[in-house]
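Listed below are the residues making up each chain.
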Amino acid sequence: MSKEKEALFKPYHHPAGGWGAAGATAKVLMEQSVLVKGSRGLLSMNQPGGFKCPSCAFPDADHHKKLEFCENGAKALAHEATKARVARAFFEKYTVTELMEQSDYWLEMQGRLTEPMQYDPKTDKYIPVSWDDAFALIGQHLQALDSPNQAEFYTSGRTANETAFLYSIFIREYGTNNFPDCSNMCHEPSSRGLMPAIGIGKGTIVLADFEHAEAIFVIGQNTGTNSPRMMTSLVDARKRGVPIVLINPMPERALIRFTEPQDMLQMATFGSTPISSEFVHVRIGGDLAIFKGMMKVLFEAEDAGEAALDRDFINQHTAGFDALRADVTGCSWSDITRISGISEEQIRRIAGIYQKSRATVICYGMGITQHQEGARLVQQIASLLMLRGNFGKPGAGVAPIRGHSNVQGDRTVGIDEKPTQDYLDRVRDVFGFEPPREHGHHVVEALEAMEAGTAKVFIGLGGNFARAVPDTERSYAAMAKLNLTVGIATKLNRGHLIHGRDALILPVVARSEIIRTAAGEQFVTIEDAMSNVTASRGVFEPVTPDVLPETEIVCRMAMATLPNSKIPWDRYMADYGLIRDKIAEVYPAIYSDFSERIKDPKGFHLDIPPRHRIWKTPNGKANFLVLPGLEANVPVDDKAMLRLATIRSHDQYNTTIYSNNDRYRGVYNNRLVIFMNRDDMKDRELENGAVIGLETYSDDGYRRYVDGLTVIDYPMPRGAIAGYYPELNPLLPLGYFDGVSGTPAAKSIPVRVVPSVASGVPMRFAG
């Protein structure tokens, strides 16, 4: 092994952002041979008249800077604009079996897909197919099913509003609500959990609220890697003296010190801003205990005569307060501290920060949602905010920090396996067909249907479904039973290699590329994580003339499948303004005058009723909802058990691996690593760099085991470990999910250390 490729762990002591981010941006543009083209594209990213970043869903600032992108956005653009191509010569060279032996990083680096391909079982290769034949094959398979419910229709969060809306209409006219969606695997607990609490399954703040907040809590979210543009808001808040409380099992570099790459003074002087004023090193699954500890402090303070609660808000706007209070006051401090791993003193200190603040924002990520009680954990955050009246005033509210750039928008315009009856009535009235009324499948249910053989067809509108889902070996075997798999994508990924008996790869126009139709140049719209809707217009020429816009692909699938449909699919695929008009008809309360409002270069904001203290719940109130006990996951009665959180490296976005490095955590040239507390290592007689296996605790008859994992001494809480997703997805049981939303509990997998049978090479440690 050469020293250049040797696995290395070298602690990173510099601030996040800064010159490291600037250098990484330049490097990735050069690696993809698009330094000039990519730099030009970055000037249009997240700018009025330009295209929306295909990476995170964090909103754009009201006052645009000349450069409105982050390191991860630059990586996403570079890999979209790359000169590398996966053309027919590539598929002639490799069988699918050979491609399966390659890493996810290698597959990503091969470049852009250039023409539609069909799997040939005789040669085990993908071969070219015409677009007409591809659509005919899809129509043939869908028409041959005994029931529309035998098909599963997946959607990636990168899909634009116009495409997602038509996709939902096509599939409902076809006859099913089977919409397994990427949201099912990340923030579905927000959608399902917030709805009964505050009447909407979205966050309630806008970007300007950061400017008015007097305290900010960031819980279970690695901002510097997953939402780097949010760091600007946190930096500005810290400069104003706003306390920022970080609650997380891992100390994240960006939330310790950060250098704003566009702050010329900081860059020139190698300066930085300390971010978190308080780091709460919670055990995995211990957040619920912290929330209840904070509430307990507030109740005690009120009993002592302090103005700890907003009684006017509680009395006028809420229901369920007494039940919540009884539950919280019944929790003992000994249990709270044992389960959270946090001292009573620190919990009282952060509760004091919260109590003193007249306006608080609580941000959270998948460290909250990906637990067995993810949705009800979200409800406890809402309850904590209600106690101090932190809804419907500047600087206050709840902020789910979502990932994909339109994952929230897709849900808004109809990608939902559990649609409301009111919505289905509007679809019926606008489009003239009777949509199916029974609920469909989320991701886990779709996989169970594949495994049972009751699902026959899978169509993936973007994403890398096979690699993102839990229980890798079972999921791969289940998908191999399908009659047809269709992958609609810009790049080759593992999901195209786990295929049915028939399989298609359909290449699409990327977010940064120009969409041209018979009616002229078109644009699409995106909803960010704070409910702002803006236009996105590509600036590059499409990678080849043989790729199609996603919207056209959806329309042509519909025409091939539903030849008697009265919906004018051919008109919609030419004129996207007509689609927006139909969105406005189906959603008149929020999308009225869509075509006019989107002409504003800054877009517009969808109404969020809790911002006006209006609660669209059955009782018309914001509801305190009780989650009994202090555990966010089912306990395992074994002292040797460790809780594994699967995480992303700094050089990846969801399943897309940009390199095998994780700069901020100091890991290079290896993704098969486990971050572990030093005392937990001693208990298991492990040295730094030891190679181990991990096995999941499970009673369902399946053994889940991953080998060849290098242990890194890292500041984790006792009993908590972390490792990279998707490599550790084989350890996540299909049946281990949040009961309310169906979201896999990927942040709290119960595992044990077992001997390695692999001849892994230990990492080299430096510094």
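Residues numbered from 1 in each chain as written. Predicted model: local features only at pLDDT ≥ 70, side-chain atom pairs only at ≥ 80, totals over all residues. Heavy atoms only, no water.

Draft legend 1. Molecular detail of the overall build of the chain. In terms of regular secondary structure, the chain is built from 31 helices and 34 strands. Against the compact-globule benchmark of 27 Å for 767 residues, the chain has a radius of gyration of 25 Å, which places it among compact chains. In terms of principal-axis extent, the alpha carbons of the chain reach across some 75 × 65 × 60 Å. Looking at the chain residue by residue over its 767 residues, the buried ones come to 65%. Summarising the internal contacts of the chain: among those between residues at least 6 apart in sequence, 78% fall at separations of at least 24. (Helix = DSSP H or I, 4+ residues; strand = E, 2+ residues; numbered from the N terminus. Rg over C-alpha atoms; globule rule 2.2 N^0.38 Å. Buried < 20%, exposed > 50% of the residue type's maximum accessible area, 1.4 Å probe, protein only. Contact = heavy atoms within 4.5 Å.)

Draft legend 2. The arrangement of the packing of helix H9 (residues 188-198) against helix H20 (residues 374-387) in detail. Close contact between H9 and H20 brings their axes to 8 Å; oriented N to C, the two are set at 40 degrees. Classified by the angle between their axes, H9 and H20 sit oblique to one another. Pair H9 / H20 crosses with right-handed handedness. Between H9 and H20, the contacting residues are Pro189, Ser190, Gly193, Leu194, Pro196, Ala197 and Ile198 on the first element and Gly374, Ala375, Val378, Gln379, Ala382 and Met386 on the second. Among the residues forming the contact of H9 with H20, the class breakdown is nine nonpolar, four polar and no charged. (Axes fitted to C-alpha atoms, helices over the stretch in contact; angles between N-to-C directions. Parallel < 35°, antiparallel > 145°, perpendicular 65-115°, else oblique. Left-handed = near helix turned anticlockwise from the far one by under 90°. Nonpolar A, V, L, I, M, F, W, Y, C, P; charged D, E, K, R; others polar.)

Draft legend 3. Structural context of the sheet that holds strand S32 (residues 720-724). The six strands lie next to each other as S25-S32-S29-S31-S30-S33, forming a closed barrel whose pairing is mixed. Here the strands of the sheet are splayed against their neighbours by 45 degrees on average, with no regard to which way each runs. The pairing of strand S30 (residues 691-696) with strand S33 (residues 749-755) spans five bridges and is antiparallel. Paired with Thr696 across the bridge in S33 is Val751. (Pairing = 2+ DSSP bridges.)

Draft legend 4. Spatial organisation of helix H18 (residues 344-356). Under the 1.5 Å per step criterion, the end-to-end length of H18 is 18 Å for 13 residues, consistent within 8% with the ideal 18 Å. When H18 is considered as a whole, its buried residues turn out to be Gln346, Ile347, Ile350, Ala351, Ile353, Tyr354 and Gln355. (Expected span 1.5 Å × (residues − 1).)

Draft legend 5. Structural view of the sheet that holds strand S22 (residues 532-536). As summarised here, the arrangement of the three strands in space is S21-S22-S23, forming an open sheet in which the pairing is antiparallel. With partners counted over all chains shown, the strands left at the sheet margins are strand S21 (524-527) and strand S23 (604-605), one partner each. Sheet analysis places S21 next to S22, joined by four bridges and oriented antiparallel. Paired with Val524 across the strands is Ser536, a residue of S22. Helix H8 (residues 161-174) rests against S21 and S22 of the sheet, and its axis sits at about 90 degrees to S21.

Draft legend 6. Quick peek at the packing of aromatic side chains. By the definition in use, this model includes 27 aromatic pairs. Look at Tyr94 and Trp106: their rings are 5.5 Å apart centre to centre, the planes differ by 85 degrees, and that puts the pair in the edge-to-face class. Placement of the pair is Tyr94 in the loop between helix H4 (88-93) and helix H5 (96-100) and Trp106 in helix H6 (residues 104-109), with a sequence separation of 12 residues. A relative accessible area of 21% places Trp106 in the partly exposed class. Through successive ring pairs, a cluster of aromatic residues spans Phe90, Phe91, Tyr94, Trp106, Tyr119 and Tyr126. Across the ring face of Phe431, the terminal group of Lys582 is positioned such that the distance to the ring centre comes to 5.9 Å. Directly above the aromatic system of Tyr705 lies the positively charged group of Arg703, at a separation of 4.4 Å from the ring centroid. (Phe/Tyr/Trp six-rings, centres within 6.5 Å; stacked < 30°, edge-to-face > 60°. Lys NZ or Arg CZ within 6 Å of the ring centre and 35° of its normal.)

Draft legend 7. The nonpolar core, seen in detail. Membership of the largest hydrophobic core comes to 67 residues, with the highest contact counts inside it found for Ile138, Leu142, Phe165, Tyr167, Phe170, Ile459 and Met557. In terms of residue count, H8 provides more of this core than any other element does, eight residues in total. Each residue touching Phe170, except ones within four places of it in the same chain, is listed here: Leu142, Val554, Met557, Ala558, Thr561, Leu562 and Trp569. Judged by nonpolar contacts, the second largest core, of 58 residues, contains Val245, Leu309, Ile350 and Ile608. (Core = buried A, V, L, I, M, F, W, Y, C linked by side-chain atoms within 4.5 Å.)

Draft legend 8. Broad picture of the environment of Asn248. Mapped onto the elements of the fold, Asn248 is located in the loop between strand S9 (244-247) and strand S10 (257-259). In this structure, the C-alpha to C-alpha distance between Asn248 and Phe737, residues 489 residues apart in sequence, is 20 Å. With sequence-adjacent residues up to four places away left out, Asn248 is seen in contact with Gly220, Gln221, Phe279, Val280, His281 and Val282. Side-chain polar atoms of Asn248 contact the backbone oxygen of Met250, separated by 2.8 Å. (Polar contact = N/O pair within 3.5 Å; in protein donor to acceptor, adjacent residues only side chain to side chain.)

Draft legend 9. Spotlight on the pattern of salt bridges. Per the stated rule, a full pass over the model turns up 48 salt bridges. Residue Arg437 pairs with Glu434 through a salt bridge whose shortest N-O separation is 2.8 Å. Linked through salt bridges whose partners overlap, the residues forming this network are Asp181, Glu188, Arg192, Arg411, Asp416, Glu417 and Lys418. (Salt bridge = Lys/Arg side-chain N within 4 Å of Asp/Glu carboxyl O.)

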